[in-house]
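# Chains, contacts and geometry: an overview
Here is how the chains run, residue by residue.
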Amino acid sequence: MTRFLLMRGLQSLVVLAVMSFVIYGLIGLMPGDPIDLMISSDPKMTAADAARLRTLYGLDIPLYERYWNWLLSALSGDLGYSRLFGQPVLDVLFPALRNSLMLLGTAFFMAVVIAIPLGTLAAAKPRSATDYSVNLLAFAGISIPSFWLALMLIMFFSVTLGWLPAGGIAPDGSSFLENLRFIVLPAITLTIVSIGSYSRYVRSSMLEVLRQDYIRTAKAKGASGRRIVWLHGLRNAMIPVVTILALDFGFLFSGALVTETIYSWPGMGKLIFDSVMGNDFNLALVALLFATAVTLLGNLLADLCYAWLDPRIVVGGDET
Amino acid sequence: MNTNKVRSNSPFLLAMRRFKRHKLAIASLALLLTMIAMVILAPLFEQLLGVDANHVDLFNQKSAPSAEHPFGTDELGRDVLVRLMYGGRISLFTGLIAALAAATIGTVVGLFAGYFGGRLDALLMRFTDSVIALPLLPLLIVLAAIDLNKLGLPASVVESEMVSFYRIIIIVALVGWTTVARLVRGATLSLKQREFVMAAEGVGASHMHIMFKHIFPNLISPIIVAVTLSVGNVILLESVLSFMGLGIQPPMPSWGNMLTNAQELIWDAPMLAVYPGLLIFVTVISFNFLGDGLQDAFDPKAEV
């Protein structure tokens, strides 16, 4: 068990290290480079100046050497300045992270709270009208383009009805209600998009559990149908579901990029998009690596949950 | 009861019979075929209406539906209906081609991993796990934003009109192969133990021959299901990237890039923001229903 987790952790670290190099290389392939940006902002600069600057910033040395220098300074805590915000990268990153967690936490909570009963209801009576309706809803949730859903919600609730703001976040120190007004639409968007797949996980996991012998035993002992489904069934059905949810939380983190951008929610997703689009190399690099780390962590957590929740599972026995 | 001809029960016919019971899948298939016919016939509609998909008419912006423009015109005065058809061409074509490309990579990886096993399997599957564990959307954004000039591609390629189309297909194929790879590996592992594979080994068939002539044909139906289910996802990815200005580049229309300006449009011409998204939604959900129906038909054990 410990050995298995150590191996997985080690693998994640290797992936993170490889990705840091890949992302570093990719960022270098973005249109424009820092010196071009300086030239465009300073018309008096000559070609000789540009060449001198290139040497000064170390842009004339090979990629792997530049990467190595970046890595050394990053590991010593110096992640550089953000060009767009004119602040140290971490000072930009932390508030964005807080905003993202606020939005994702809300959406994730709502999606789980709605999807678990939906999936369970569907599985309790397979092929019933309830099952078909939940299935239809789930497919709709999986298939709707999140950015279009966001646009439609803005159109209806902000433009037509004028009830909610079309985007942005409440200024610091606003009341709870004011905060709520801003978070409602992005949170609903993310919730709708997630409910579909979550309720399908719950349904299929529940169907699997309801076939087990211990459910038959419970029936034989005379437990009511409702008690069997919601007590005996749900507890066991949650094991794979929790695993998938842990996995998904990592993905939700980067999947919120579109929603955050449309609603101008100043979270990690929007930060990644803005920094990539705005040639903010230092910020883009760190934000992307951070997103990668969180997703990898979600995966690791999923493995951990799986092993921890199900006493029957002995991971990393002999064959790994 | 007493039919005068013998009913054949080949696995394919059985699957077709099961598929026909899945009403939503049948309806989806019909809808998708209609849609494909419509987008193929786009030039015909263009002729009939007497409009040009790329004709800019600044005196006729965001006009209401009329006989000449059944769906009205967009912010540059172009006909919306015809642009939706041409956009559908790009979106559907991208979805199908990219899903097939991804499935091809996945099949090869999965076949090699499952067939040869051992270290190669461990290596390929750890690699697959790692790709699955990456944050997809941010990486897609970065890949889509790469400056192709810096990759050293010739200018004729970089400046060609189709480059954004090829780029999307390559990007999607690079990240989308993992599902098929896992699926094919799993199936190959069990097929490898079957008698017909041993027989082929016994008569001295080469590895390549066994993999592609004996094992691969048995994988076709699960691969078809996986591809159908992934077309919807690919169309979603394409639309997101194009919406954000990183996918298909205008003037070539795609359902995604027709929504790029939608955030301003929802104030004065909301229907322009509704149509393309609605089409994406209907197309994606149809592919998902179709895939679901095919899965039930080919693999009845998976459903209850």
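Cut-off values and rules
One numbering rule holds for all chains: residues counted from 1, following each sequence as written. Here every chain gets a letter starting at A, and every ligand a number starting at 1, in the order they are written. The predicted origin of the model limits local features to residues at a pLDDT of at least 70 and limits the giving and counting of side-chain atom pairs to 80 or more, whereas totals for whole chains, interfaces and linings rest on all residues. Water and hydrogen atoms were dropped before computing side-chain values, which therefore reflect all heavy atoms in the structure. Strands are runs of DSSP state E lasting at least 2 residues, helices are runs of H or I lasting at least 4, and numbering of each runs from the N terminus. The rule is simple: take the accessible area with a 1.4 Å probe, protein chains only, and divide by the maximum for that residue type; under 20% is buried, over 50% is exposed, in between is partly exposed. Any pair of residues with heavy atoms lying within 4.5 Å of one another is described as a contacting pair. Note on definitions: buried area is the accessible-area loss of two parts on being combined, 1.4 Å probe, summed for both. Counting of polar contacts relies on pairs of N or O atoms within 3.5 Å, with two restrictions inside protein: one atom must be capable of donating a hydrogen and the other of accepting it, and residues adjacent in sequence are counted only when both atoms are side-chain atoms. Residues with no salt bridge and a relative accessible area higher than 30% make up the patches, which join like charges within 9 Å and nonpolar side chains (Val, Leu, Ile, Met, Phe, Trp, Tyr) within 5 Å. The Shrake-Rupley method, run with a 1.4 Å probe sphere, supplies the accessible areas, and residue values consider only the shown protein chains as cover. Any Lys or Arg side-chain nitrogen found within 4 Å of a carboxyl oxygen on Asp or Glu counts as a salt bridge. Nonpolar core, defined: a set of buried Ala, Val, Leu, Ile, Met, Phe, Trp, Tyr and Cys residues in which side-chain atoms within 4.5 Å join the residues together. Ring geometry is summarised as follows: Phe, Tyr and Trp rings, the Trp one being its six-membered ring, pair when their centres sit within 6.5 Å, and such pairs are stacked at plane angles under 30 degrees, edge-to-face over 60 and tilted between the two. Throughout, an axis means a line fitted to C-alpha atoms (over the contacting stretch in the case of helices), and angles, computed between N-to-C directions, take values from 0 to 180 degrees. Crossing handedness: left-handed means the near helix sits turned counterclockwise from the far one by under a right angle, and right-handed means the same turn made clockwise. Gly counts as polar in this scheme, as do all residues outside two lists: the nonpolar Ala, Val, Leu, Ile, Met, Phe, Trp, Tyr, Cys and Pro, and the charged Asp, Glu, Lys and Arg.

## Section: the overall build of chain B
On a plain count of helices and strands, chain B comes out with 14 helices and zero strands. Moving toward the C terminus, one meets the helices and strands of chain B in the order α-α-α-α-α-α-α-α-α-α-α-α-α-α. Projected onto its principal axes, the C-alpha coordinates of chain B cover approximately 75 × 65 × 35 Å. Each of the 304 residues in chain B was classed as buried or not, and the buried ones make up 48%. Of the contacts formed within chain B by residues at least 6 apart in sequence, a portion of 70% connects residues at least 24 apart.

## Comments concerning the interface of chain B and chain A
With 45 residues of chain B in contact, the opposing surface of chain A contributes 47 residues. Around 4100 Å² of area is buried between chain B and chain A when both sides are counted, 77% of it from carbon and sulfur atoms. At the surface where chain B touches chain A, the tally comes to three residue pairs in polar contact (both at pLDDT 80 or more). Going through the elements one at a time, helix H5 (118–132), helix H6 (136–145), helix H12 (220–243), helix H13 (262–268) and helix H14 (270–298) of chain B are the ones with two or more residues in the side of chain B that touches chain A.

## A closer look at the environment of Ala25 of chain B
All names here are of chain B. The topology assignment puts Ala25 in helix H2 (residues 23–40). It is 26 Å that separates the C-alpha atoms of Ala25 and Ala173, two residues lying 148 residues apart in sequence. Beyond its immediate stretch of four places on either side in the chain, Ala25 contacts Phe19, Phe289, Leu290 and Gly293.

## Describing the environment of Cys305 of chain A
All names here are of chain A. One can find Cys305 in helix H12 (residues 281–309). As a C-alpha pair, Cys305 and Val242 span 63 residues in sequence and 7.1 Å in three-dimensional space. Those residues in contact with Cys305 that lie beyond four places of it in its chain are Val242 and Ala246.

## Considerations on a nonpolar patch on the surface
A cluster of nonpolar side chains, Ile40, Leu41, Leu44 and Leu48 of chain B, forms an exposed patch at the surface whose accessible area comes to about 420 Å². With respect to the secondary-structure elements, Ile40 of chain B resides in helix H2.

## Considerations on the side chain of Ser143 of chain A
Residue placement: Ser143 of chain A occurs in helix H6 (residues 129–143). A relative accessible area of 0% places Ser143 of chain A in the buried class. Side-chain polar atoms of Ser143 of chain A contact the side chain of Asn288 of chain B, separated by 2.9 Å. Leaving out residues up to four positions away in the same chain, Ser143 of chain A has contacts with Leu236, Phe281, Val284, Ile285 and Asn288 of chain B.

## Some words on the nonpolar core
When a protein is soluble and globular, its nonpolar side chains tend to lie buried together. One finds Phe147 and Val276 of chain A together with Leu259 of chain B to be the most contacted residues of the largest nonpolar core, which totals 160 residues. Take this core: its biggest share by element is 14 residues, from helix H5 (residues 89–124) of chain A. When neighbours within four sequence positions are excluded, Leu259 of chain B is seen to be in contact with Phe147, Trp148 and Leu151 of chain A together with Phe243, Leu272, Ala273, Pro276, Gly277 and Ile280 of chain B. Judged by nonpolar contacts, the second largest core, of seven residues, contains Leu124, Val131, Trp177 and Ala181 of chain B.

## Regarding unusual backbone geometry
Of note in the backbone geometry, Arg127 of chain A takes a positive phi value of approximately 65 degrees without being a glycine. Mapping Arg127 of chain A onto the fold places it in the loop between H5 and H6.

## A closer look at the pattern of salt bridges
Residues and elements named next belong to chain B. Tallied over the entire structure, the rule returns seven salt bridges over all chains. Taking the shortest distance from any N to any O, the salt bridge between Asp121 and Arg185 comes out at 2.7 Å. Here Arg185 lies in helix H9 (residues 178–191) and Asp121 lies in helix H5, a separation of 64 residues in the sequence. On the basis of relative accessible area, Asp121 is assigned to the buried category, the value being 11%.

## Structural notes on the packing of aromatic side chains
Counted according to the given criterion, the structure contains 16 aromatic pairs over all chains. Where Phe147 of chain A meets Phe243 of chain B, the ring centres are 4.4 Å apart and the plane angle is 20 degrees; that geometry is what we call stacked. Of this pair, Phe147 of chain A sits in helix H7 (residues 146–160) while Phe243 of chain B sits in helix H12, placing the two residues on different chains. Its relative accessible area of 0% is what places Phe147 of chain A among the buried residues. Ring plane angle 55 degrees and centroid distance 5.8 Å describe the contact between Phe165 of chain B and Tyr166 of chain B, whose orientation is recorded as tilted. Here Phe165 of chain B falls in the buried class, since its relative accessible area comes to 5%. Residue Tyr166 of chain B is classed as partly exposed on the basis of its relative accessible area, which comes to 47%. Taken together, the aromatic side chains of Phe21, Tyr24, Tyr67 and Trp70 of chain A make up a single cluster linked through ring pairs.

## Digging into the packing of helix H4 (residues 80–116) of chain B against H9 of chain B
All names here are of chain B. The N-to-C vectors of H4 and H9 enclose an angle of 35 degrees; their axes lie 7 Å apart at closest approach. In terms of crossing hand, the pair formed by H4 and H9 is right-handed. Facing Ala103, Gly106, Thr107, Val109, Gly110, Leu111, Ala113, Gly114 and Tyr115 of H4, the residues of H9 in contact are Val180, Ala181, Val184, Arg185, Thr188 and Leu189. Here the contact of H4 with H9 is built from residues that sort into nine nonpolar, five polar and one charged.

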